[in-house]
Amino acid sequence: MDRLKLKAVLGNHPHVQAVKRGELRSDLFHLDFIEYTPTNTAFKPMVREQAFDVCEMAIVTYLMAKAHGKPLALLPATMLGRFQHSYALYDPARGTLGPSDLEGKRVGIRSFTTTTGAWIRGILANDYGVNLDKIRWITFEDPHVAEYVDTTERAPRDKKILQMLLDGELDAVLGETSDNPKLKPLFPDPAAEAARWYVRRGVVPVNHLVVVTEQLAKSRPDVVTGIYDLLKRNKEQMGPATVPDLVPFGIEANRKPLELIVDYAFQQALIPRRYAVEELFDETTRGLN
C-alpha cells in the first residue's frame, strides 16, 4: 500500500533530526518536509490556509486560531521550550530600567501576539505587578490570525526593532536577543530570575508544539497517532530528558505550561475565555502521552 504523502514544516531541532533525515519512518505515511526560515514564517499560511498537513506552531497562535474556529488539531509534542527572561532588552545608556519600570514606556515587540511576548507580559503582570495597559506597545508585524484586532501602534515600515532601541525610539524590546554590548537584559540576571521563577511556578514555558489539519485528524486518526509516536521516538533516542525537560511530550507533561499560557493569553485579551487543557485537543490527540 502506498504511504500517504504529507507536507510538513518542523524546525531544525535536535530532537526531530532522525525524523527529518528519514532515519525514523512510518509504513503509513511519508513526511515531505518544506523548509521555512525562521520557522515562524510558516505559521501564518498554516493558520490562514492550512497550507501543510503537519506544522510546528507557537502555542499562542494555536490558542487564537482555536478561538476563531480554524480547522487545526494540536499534538502535545513540544518542539521548542525555553525560559523567557533573557528575551527582553534595554539600552542602559539612557538610564537603568528594570521589569517594574515599564509603565509609561515605549516597548517594541515583533507582533503583540507572539508566544514569547505573551509569556514575558504574563511574567511582568503576575510577578512584577506591571499594568500592561499602561505600556505603549510598538509592533512590526500583523498577527498570524487575521481575525484578531490589533490595536497596538505600528512602527514605520522601514524601521528595525533593535535599531529603534539603540536610537532611543523604544525604551525596551521583548522577544529579542542581541550580542551588541550596548544592550542589556531587562531582567538583571536572567538565568537566576528564570531559576527562581521555575521554583515558584514549576513550569517550563513551552513556545512551539505541533498541529495537523482537522481534515487529517478526522480522516486518518491512525496517521496522526503515528506522527506523534514517530516524534516521540526521536525524542527518546536523544537519551534521558534534561531536568527540567524543555521539550515535554504528552498531555500530562504539558498540562501546567498549557494551563499557565492559557491564563496569560486570557488576561491579555488574546483569547475570549480560559480553555481547559482537554479542550485544546481533539478526540484523537486527547489520549496522547
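Before any of the text, the structure's been laid out above.
Anyway, here's the lowdown on the structure attached to this text.

Calculation notes
Residues numbered from 1 in each chain as written. Predicted model: local features only at pLDDT ≥ 70, side-chain atom pairs only at ≥ 80, totals over all residues. Heavy atoms only, no water. Helix = DSSP H or I, 4+ residues; strand = E, 2+ residues; numbered from the N terminus. Expected span 1.5 Å × (residues − 1). Buried < 20%, exposed > 50% of the residue type's maximum accessible area, 1.4 Å probe, protein only. Pairing = 2+ DSSP bridges. Axes fitted to C-alpha atoms, helices over the stretch in contact; angles between N-to-C directions. Contact = heavy atoms within 4.5 Å.

### Side note on helix α8 (residues 221-237)
Link 1 in the chain: Compared with an ideal rise of 1.5 Å per residue, which puts 17 residues at 24 Å, α8 spans 24 Å between its outermost C-alpha atoms and is within 8% of the ideal.
Link 2 in the chain: Of the positions making up α8, those classed as buried are V223, V224, G226, I227, Y228, L230, L231, N234 and K235.
Link 3 in the chain: G239 lies just past α8 and shows a positive phi near 95°.

### A look at the sheet that holds strand β11 (residues 206-213)
Link 1 in the chain: Overall, mixed pairing links the five strands, which are arranged β2-β1-β3-β11-β4 in an open sheet. Across the chains shown, the open sheet's two edge strands, defined by having one partner strand only, are β2 (29-33) and β4 (72-81). Neighbour-to-neighbour, the strand axes of this sheet turn through a mean angle of 30°, independent of strand direction.
Link 2 in the chain: Alignment of strand β1 (residues 4-9) against β2, held across five bridges, turns out to be parallel. Counted as the bridge partner of L4 is F29 from β2.
Link 3 in the chain: Together, β3 (54-58) and β11 form the strand contacts of helix α4 (residues 115-128), whose direction differs from that of β11 by roughly 140°.
Link 4 in the chain: Of the strands in this sheet, β1, β2, β3, β4 and β11 are in contact with α8, which crosses β4 at around 5°.

### Concerning the environment of R21
Link 1 in the chain: As for its position among the elements, R21 is in the loop between α1 (17-20) and β2.
Link 2 in the chain: A C-alpha to C-alpha distance of 9.6 Å links R21 and F33, two positions 12 residues apart in sequence.

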